[in-house]
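One-letter residues, chain by chain:
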Amino acid sequence: MLPQMTGRQRYKANALIKRLCANYDGGNCLLLDDGEPCVCVQSISFSLLCKYFRNAVLPAEPKLEAEILMSGAKTVCERCGVPIEKHSNRQKYCAECARIMYLKNKAKYQRNMRSGVDN
């Protein structure tokens, strides 16, 4: 079954298609063009029909990709609230937030270590 988009997600997806899709030409799809203009099926559908869109265009916007592809997922990032695909039972953050939290915790640890030396 193909993932379904909401109206807001479709609006964002259409903006991505117009901006990044190499096969989009003024509302027509160059991949489907065999002499006569053919409307881009992804721009008129609420389903993810176009494989090129799924594999090349959608990954450029990771938050939108997570919203669409993980719409049935119950796990969300504790920091930003984006739906995430868990790779372990301990995962609490998306990739961006995990990096930020790692750096914050590392700085906190370093501060504690420096303060312990002075005492």
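In this numbering scheme, every chain counts its residues from 1 along its sequence in written order. For this predicted model, a pLDDT threshold of at least 70 governs which residues receive local features, and a threshold of 80 or more governs which side-chain atom pairs are given and counted, while totals over whole chains, interfaces and linings are taken from all residues. Values reported for side chains reflect all heavy atoms of the structure, with hydrogen atoms and water molecules removed beforehand.

**Focus: the side chain of Ser43**
This is how it is decided: The numbering of helices and of strands both runs from the N terminus, where a helix is a DSSP run of H or I of at least 4 residues and a strand a run of E of at least 2. What qualifies as a polar contact is a pair of N or O atoms within 3.5 Å, subject to a donor-acceptor requirement within protein and to the restriction that residues adjacent in sequence count only when both atoms come from side chains. In what follows, a contact means two residues having at least one pair of non-hydrogen atoms within 4.5 Å.
Locating Ser43 in the fold gives a position in helix α2 (residues 41–44). At 2.8 Å, the side chain of Ser43 and the backbone oxygen of Cys40 are in polar contact. Setting aside residues up to four positions removed in sequence, Ser43 forms contacts with Arg10, Asn14 and Ile17.

**Some points on helix α1 (residues 7–20)**
Just so we agree on the cut-off: Take the residue count of a helix, subtract one, and multiply by 1.5 Å to get its expected span. We call a residue buried when its accessible area falls under 20% of the maximum for its residue type, exposed when it is over 50%, and partly exposed in between, using a 1.4 Å probe and counting protein chains only. Taking the helix axis as origin, the arc is that swept by the directions to the C-beta atoms.
The terminal C-alpha atoms of α1, which comprises 14 residues, lie 20 Å apart, in line with the 20 Å expected from a rise of 1.5 Å per residue. Those residues of α1 that sit buried are Gln9, Arg10, Ala13, Asn14, Leu16 and Ile17. The buried residues of α1 occupy an angular sector of 160 degrees when the element is viewed end-on, so they sit on one face. Those residues of α1 that are exposed and aimed more than 90 degrees away from the buried face are Tyr11, Lys18 and Arg19.

**Description of the environment of Ser45**
Along the polypeptide, Ser45 turns up in the loop between α2 and α3 (51–57). When the C-alpha atoms of Ser45 and Met5 are compared, they prove to be 8.7 Å apart, with 40 residues separating the residues in sequence. Sequence-distant contacts of Ser45, that is, excluding residues within four places in its chain, are made with Met5 and Arg10. Here the side chain of Ser45 touches Ser47 through a polar contact of 2.9 Å, landing on its backbone nitrogen.

**Quick notes on the confidence of the model for the chain**
In plain terms, the rule: pLDDT: the predictor's confidence for each residue, scored from 0 to 100.
Taken residue by residue, the chain gives an average pLDDT of 83. The fraction at 70 or more is 92%. The lowest-confidence element of the chain is helix α4 (residues 62–69), averaging 81 in pLDDT; the highest-confidence one is helix α5 (residues 95–118), averaging 89.

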